[in-house]
Amino acid sequence: MEKHKTYKFFRGMLMASAFTSMMFVMQACYGTPNNALIDDEVLEYTVSGKVTAKSNSEPLAGIKLTIDSTDYETVTDSLGNFSITLNASDYCDMTFKFVDESGKYQQLDTIVPVCNSPELNIEMDVNNAPKVS
Amino acid sequence: MLQRFHNYFRRKETEIHELNYLFWECTQRCNLNCRHCGSDCAVSSAYKDMPFDDFMKAISPLEQRYKRNTVLIVITGGEPLVRPDLADCGRELRRHGFLWSIVTNGYAYDESMHRKLMAAGLSSITLSLDGLRDTHDAFRKRQGSFDRVMNAIDLIANEKRLPTYDIVTCVSPMNIGELAEMKQLLIAHKVKAWRFFTIAPIGRAVTDDGLRLDGAQLKQLMDFIVETRKEGRIDAKFSCEAYLGKYDRKVRDWHYFCRAGINIGSVLIDGSISACPNIDRRFAQGNIYTDNLLDVWDTRFEKFRDRSWTKVGKCADCKVYNNCLGGAMHLHNIDSPEIMECHYSNLMH
């Protein structure tokens, strides 16, 4: 494969070019369109929301948000807001994990149907508070 | 000039042969009994569905070699929607970094199925529509098939999170006169991509002469695609089944290139490792139950990557052989290297 290094370099440049990328869009006669090389990279959507304290509805800054089985992560700003951009072909139902690294608030794991959730409002309990269902 | 550049590109792609499009024939069961079926599947199959664990075990070496989101697993059949665990299979594929898609007749694709598959990260889908109501139902040999597939089309055409999809039509003498009306129908239903192929003399279509286009009808189809592309209201294109001479770049985005065995592989229902599932199964190069999929991909597939064996019969003296390389692999069978059907010569005469 080493001998194809130069070709692979130019190939990468061709794939990145909007004009020539069509060369790499493959589709078997009876197969589906392949978005692996182009569309999947560009088609994204954003999920945003606000994290507040359940006790007094104050916004919570610095809450870390991760999503299971992915590398996505972000942190809420001083107003408790977060915004995360996901790849279009990721799951609709994703497990969002909200963690307060100071330990004051309980970790919150929630499965979010992000397909239909442009805005998420999350409330977190104080760590020692009795869990409210 | 552009064709020469393409031929160079095709040669280099063949040399590096990255596997990034893998069919999985997960079942041979089907809920329809279509007149033109290329896989000749059955309502009650001789084979059981392939256990997902067997497939996952076979493809796990791909996970080590290829980057996340660069290999598409195309789930086909039979009819993949008859598998009760389809969404679970898809979800697991996403978890391992594969994109996944399905080719379906749409009969069982209702809103609940749509939600389940989207939630499992479906990234592409192809639905078959073979005519207006009466023609489609006659092709599919089941009343109500048209209404069901139109319902499925509405679901996917209105789904913002589906990165890509298309509608395919097998064009035959039965539906060629309906294409203009079908185009209006699809545009009205917000469909963005429409792909055409002709019916190859394989599967059930071997014994059904009424399904094949003659030269004049083939030209009519090409002219229709050219005109539709010019209008720009729907992305119409011809499939990768043949080199088409002067029509080649006019009915597709790029030149003809049969990537079977070059970028396209398959795991068939019995574990055979091959390329597109509609290719003569005797071209299989190994079996996942006895061989390592990547070893087979790396070291075999000679007949797919060196097509010089196809330069016989009518191809032997053909002046466009270098552009065509003997046509698509599914138009050959292992007993006779000569191509079964040549669209280029049909168009020329």
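Once a new chain begins, its residue numbering starts again from 1 and follows that chain's sequence as written. Chains and ligands are labelled by the order in which they are written, letters from A for the one and numbers from 1 for the other. Local features are withheld for residues below a pLDDT of 70 in this predicted model, meaning they are given only at 70 or higher, and side-chain atom pairs are given and counted only at 80 or more; totals for whole chains, interfaces and linings count all residues. Side-chain numbers come from the whole structure's heavy atoms, not from hydrogens or water.

Put simply, DSSP H or I for four residues or longer makes a helix, DSSP E for two residues or longer makes a strand, and each gets a number counted from the N terminus. The helix and strand inventory of chain A stands at two helices and seven strands. In chain A, the order of α-helices and β-strands from amino to carboxyl end is α-α-β-β-β-β-β-β-β. Each of the 133 residues in chain A was classed as buried or not, and the buried ones make up 41%. Any pair of residues with heavy atoms lying within 4.5 Å of one another is described as a contacting pair. If you take every contact in chain A between residues at least 6 apart in sequence, the share linking residues at least 24 apart comes to 45%. Method for areas: the Shrake-Rupley scheme with a 1.4 Å probe, in which residue coverage is limited to the protein chains shown. Of the roughly 7,100 Å² of accessible surface on chain A, a fraction of 53% belongs to carbon and sulfur atoms. For the exposure calls, accessible area comes from a 1.4 Å probe over protein chains only, and a residue counts as buried if that area is under 20% of its type's maximum, exposed if over 50%, partly exposed in between.

All buried positions along helix 4 (residues 111-119) of chain B are accounted for by Met-113, His-114, Leu-117, Met-118 and Ala-119 of chain B. The first or second residue beyond helix 4 of chain B is Gly-121 of chain B, which carries a positive phi of 85°.

The subject of this paragraph is the sheet that holds strand 10 (residues 286-287) of chain B. Residues and elements named next belong to chain B. For two strands to pair, DSSP has to find at least two bridges joining them. Strand order in the open sheet formed by 10 strands is 7-6-5-4-3-2-1-8-9-10, and the pairing between neighbours is mixed. Looking at strand neighbours, the two that pair on one side only are strand 7 (235-238) and strand 10, the edges of this open sheet. Of the pairings in the sheet, the one linking strand 6 (residues 193-198) to strand 7 comprises four bridges and is parallel in character. Bridging from a neighbouring strand, Arg-195 pairs with Lys-237 of strand 7. Along the sheet, helix 7 (residues 179-188) contacts strand 5 (164-171) and strand 6; its crossing angle with strand 6, the most-contacted strand, is approximately 155°. Working convention: axes come from line fits to C-alpha atoms, limited for helices to the stretch in contact. Angles between N-to-C directions cover 0 to 180 degrees.

With that out of the way, let us pick up the nonpolar core. Formed by 106 residues in total, the largest nonpolar core has its most connected members in Ile-73 and Tyr-109 of chain B. Among the elements that take part in this core, helix 6 (residues 145-157) of chain B stands out by supplying eight residues, more than any other. Those residues in contact with Tyr-109 of chain B, other than ones at most four positions away along the chain, are Leu-81, Ile-102, His-114, Leu-117, Leu-122, Ile-125, Asn-151, Ala-152, Leu-155 and Ile-156 of chain B. Put simply, buried Ala, Val, Leu, Ile, Met, Phe, Trp, Tyr and Cys residues joined by side-chain atoms within 4.5 Å make one nonpolar core. Of all hydrophobic cores here, the second largest spans 20 residues; its members include Val-47, Leu-60, Leu-86 and Met-124 of chain A.

All names here are of chain B. The N-to-C vectors of helix 2 (residues 52-65) and helix 3 (residues 86-95) enclose an angle of 20°; their axes lie 11 Å apart at closest approach. Between helix 2 and helix 3, the interaxial angle falls into the category roughly parallel. In this structure, the crossing between helix 2 and helix 3 has a hand that is right-handed. Residues Phe-52, Phe-55, Met-56 and Ile-59 of helix 2 form the contact with helix 3, whose participating residues are Cys-89, Glu-92 and Leu-93. Each residue receives one of three labels: charged for Asp, Glu, Lys and Arg, nonpolar for Ala, Val, Leu, Ile, Met, Phe, Trp, Tyr, Cys and Pro, and polar for the others, Gly being one of them. Looking at the contact of helix 2 with helix 3 residue by residue, the class counts come to six nonpolar, no polar and one charged. An angle below 35 degrees is treated as roughly parallel, one above 145 as roughly antiparallel, one from 65 to 115 as roughly perpendicular, and anything else as oblique. Here is the rule for handedness: rotate from the far helix to the near one, and if that takes an anticlockwise turn smaller than a right angle the crossing is left-handed, while a clockwise turn gives right-handed.

Attention now moves to unusual backbone geometry. The amide bond that connects Gly-77 of chain B to the next residue, Gly-78 of chain B, takes the cis arrangement and shows omega of 15°. For Gly-78 of chain B, the location among the structural elements is in the loop between strand 2 (72-76) and helix 3. Unlike most non-glycine residues, Ser-57 of chain A shows phi in positive territory, near 65°. Within the element layout of this structure, Ser-57 of chain A appears in the loop between strand 1 (44-53) and strand 2 (63-67).

Attention now moves to a nonpolar patch on the surface. Residues and elements named next belong to chain A. Here a patch means residues that are over 30% exposed by relative accessible area and free of salt bridges, tied together within 9 Å if like-charged and within 5 Å if nonpolar (Val, Leu, Ile, Met, Phe, Trp, Tyr). Here, a salt bridge means any side-chain nitrogen of Lys or Arg that lies within 4 Å of a carboxyl oxygen of Asp or Glu. Judged by side-chain polarity, Phe-9, Phe-10 and Met-13 come together as a nonpolar surface patch covering roughly 340 Å² of accessible area. Within the fold, Met-13 resides in helix 1 (residues 5-16). For Met-13, a relative accessible area of 47% corresponds to the partly exposed category.

This next bit is on the sheet that holds strand 6 (residues 108-113) of chain A. Residues and elements named next belong to chain A. Pairing is antiparallel in the open sheet, where four strands are placed in the order 3-2-5-6. Only two strands of the sheet have a single partner each, and these edge strands are strand 3 (73-75) and strand 6. Ignoring strand direction, the axes of neighbouring strands in this sheet form an average angle of 25°. Two elements, strand 5 (residues 93-100) and strand 6, share six bridges in a ladder whose sense is antiparallel. Across the sheet, residue Asp-93 finds its bridge partner in strand 6, namely Pro-113.

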